[in-house]
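Spelled out, the chains give:
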Amino acid sequence: MKNIFKSLFFLLIFFFSSLSISEDETIIDFSKSEYGEELSAGDGTTLIKTKNSFSLPLKNIPAERKIDFFVGNGFFKRIWVSSPASTTASDGLGPLFNSKTCQSCHLKDGRGHPPKSNWPDDTAVSMVFHLSVPPKNNNEKKLLEEVKLKSIPDPIYGSQLSDFSIQGIHSEGKVFIEYEDRVVEFKNGMKVNLKKPIYSIINLNYGDLQPDIQISARVAQPMIGLGLIEAIKHKDILANVDEKDLDNDGISGKLNIVWDYQKHEKTFGRFGWKATNPNILQQSADAFNNDMGLSTTIFKEPDNCTKKQIICKSLPNGNSFKHNNVEVSNEQLKLINYYASHLAVPKRRNVNKKEVLLGKKIFFNSGCASCHTQKFKTGNHYSKALSNQVIFPYSDFLLHDMGVELADKVKEYQAEGHEWRTQPLWGLGLTKTVNGHTNLLHDGRARNILEAILWHGGEAEKSKQKVLNLSQEDLDNLLEFLNSL
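As the structure is a prediction and not an experimental result, all values here were calculated from the model.

1. Examining the packing of helix α2 (residues 66-77) against helix α9 (residues 330-341)
Then step 1. Close contact between α2 and α9 brings their axes to 7 Å; oriented N to C, the two are set at 110 degrees. With respect to α9, the axis of α2 lies roughly perpendicular. For the pair α2 and α9, the contacting residues are D68, F69, V71, G72, N73, F75 and F76 in the first and Q332, L335, I336, Y338 and Y339 in the second.
Then step 2. In terms of residue class, the contact of α2 with α9 is built from eight nonpolar, three polar and one charged.

Structure follows, in structure tokens:
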């Protein structure tokens, strides 16, 4: 009996000591960097910090698979041409489109930007306008309720404005942007002048837009780390969902329920500004169809013309019986998917620098990490390079209310106009190096990291107010931390 009590005693000690270890692991020591914290992509993190930092394969890709990565890169850079053409493997562009190649939007696999001036002085090559209208009848309402449609497209111009076209046909129109000033003042008296964009479309070639048209401007997102995001287990993303804010912390992360066009079922999204695609393959096929007017076995229409664009619909396409009667073959799409899934994230800089550590503490104490979740561990994946990696993306990949200033009227699946997916922050400090600019947020309106913070509202309003009350030294430290990511 004595031995039994003794055994129970030690079991209890082990139990409670295990609890204390678990609790201690959730406490962040801001006096030094966390183990492995500089390796944002785990074992696949690259060490390069040049203009090519976003275009490298994960370091842990097996040698025999690197050929797939580089062939996929070739397809990603491929310039598509209109049909008919002698190069049948790359014809089928348009007739209406936004870009001839993936690379021109995702320059060096990085971040897009708004045009520096309006057409004809500049083009919006890495910005697109999403278009939608409110449902007009019960059938359209039902399609939205059943998640069979993301949104209701404009009957003439469809779900995305095409500002380019092949020879012999007019483009749909041109992006036009005006700006209004928004002055934000810090407690210490410092003022920052924000530029609020006002969007419209000019040079319409197919008739008027609907009076209740809804426009949402989007710039291309960085490509790094996508496969690692896809490899995060569903349950780990679900763990941060708190749509009704049951813990009363002011943060209510929400899933976007979307349509999987391969499985023909509802699931949840994690890719795109509003988390409207469930995986990288569908995200890629969506871009081929809407941005370049190219068909795949996922989106089989050989163009993105609407039924009212009769001439556009009548033009030749590049569908080939060799490619399952589509323009982008399954083999091409598969290789592009492999490429996009295995782009590496560069190593962080200065993780143990005093100012960076102080800035990290301010980031957490201000509540920023409530949405920008620091780390995850990926699950088992078809690719060993993506499996079981501790990663530091600084995102929960959920939808959050970002306030009226960032809102548009466009609803996509369950994402309201004021709701946006938390953007991953890894690679943030190398945007200038890679892309030559620091434009941030979904439409690139923020010209630097500080402006991006100041545009936050809604669930992030309390955090923003804490930032506005920082001393200049603390603000500098916060920016040091963000630039280290």
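The structure having been displayed, the exposition proceeds.
2. Observations concerning helix α4 (residues 138-145)
Then step 1. For α4, the capping residue at the N-terminal end is N137, with a side-chain oxygen 3.2 Å from the backbone nitrogen of N139.
Then step 2. Among the residues trailing α4, V147 stands out with phi positive, at a value near 60 degrees.

3. Things to note about the nonpolar core
Then step 1. Membership of the largest hydrophobic core comes to 54 residues, with the highest contact counts inside it found for L58 and F288.
Then step 2. Put simply, the parts of the chain that give this core at least two residues each are α2, β1 (96-97), α5 (226-230), α7 (280-292) and α9.
Then step 3. Among the elements that make up this core, the one with the highest residue count is α9 (six residues).
Then step 4. With residues near it in sequence (within four places) discarded, L58 still touches A41, G44, L228, S341, H342, L343, A344, A385 and L386.
Then step 5. Residues V175, I362, F364 and F392 belong to the second largest nonpolar core, which totals 53 residues.

4. Some points on the side chain of N279
Then step 1. Tracing the chain through its elements places N279 in the loop between β8 (265-269) and α7.
Then step 2. The exposure class of N279 is buried, given its relative accessible area of 14%.
Then step 3. Within the structure, the side chain of N279 is placed 3.4 Å from the backbone nitrogen of L281, a separation counted as a polar contact.
Then step 4. Among residues more than four places away in sequence, those in contact with N279 are E230, D260, Q262 and F271.

5. Concerning the state of the cysteines
Working definition: the covalent bond between the sulfur atoms of two cysteines is a disulfide.
Then step 1. What the rule picks out here adds up to one disulfide.
Then step 2. Shown here is the disulfide that connects C305 with C312, its sulfur atoms set 1.8 Å apart.
Then step 3. Assessed through its relative accessible area of 8%, C305 is described here as buried.
Then step 4. Free cysteine: C105, not disulfide-bonded; nearest cysteine sulfur from C102 at 8.2 Å.
Then step 5. C371 takes part in no disulfide bond, and the closest cysteine sulfur, belonging to C368, lies 8.9 Å away.

6. Here's the deal with the packing of aromatic side chains
Then step 1. One pass over the structure, following the stated rule, counts 14 aromatic pairs.
Then step 2. Where F97 meets F164, the ring centres are 6.0 Å apart and the plane angle is 15 degrees; that geometry is what we call stacked. Highlighted residues: F97 in strand β1 and F164 in strand β3 (residues 164-165), separated in sequence by 67 residues.
Then step 3. With a centroid separation of 5.2 Å and an interplanar angle of 55 degrees, the aromatic rings of F363 and F481 are classed as tilted. With F363 in helix α10 (residues 354-365) and F481 in helix α14 (residues 472-484), this pair connects stretches of sequence that are 118 residues apart. In terms of burial, F363 and F481 fall into one category: buried.
Then step 4. Aromatic rings pair up to connect F30, F363, F364, Y394 and F481 into one cluster.

Definitions and cut-offs
- Residues numbered from 1 in each chain as written.
- Predicted model: local features only at pLDDT ≥ 70, side-chain atom pairs only at ≥ 80, totals over all residues.
- Heavy atoms only, no water.
- Axes fitted to C-alpha atoms, helices over the stretch in contact; angles between N-to-C directions.
- Helix = DSSP H or I, 4+ residues; strand = E, 2+ residues; numbered from the N terminus.
- Parallel < 35°, antiparallel > 145°, perpendicular 65-115°, else oblique.
- Contact = heavy atoms within 4.5 Å.
- Nonpolar A, V, L, I, M, F, W, Y, C, P; charged D, E, K, R; others polar.
- Polar contact = N/O pair within 3.5 Å; in protein donor to acceptor, adjacent residues only side chain to side chain.
- Core = buried A, V, L, I, M, F, W, Y, C linked by side-chain atoms within 4.5 Å.
- Buried < 20%, exposed > 50% of the residue type's maximum accessible area, 1.4 Å probe, protein only.
- Disulfide = S-S within 2.5 Å.
- Phe/Tyr/Trp six-rings, centres within 6.5 Å; stacked < 30°, edge-to-face > 60°.

What is shown is where atoms sit, not what they do.
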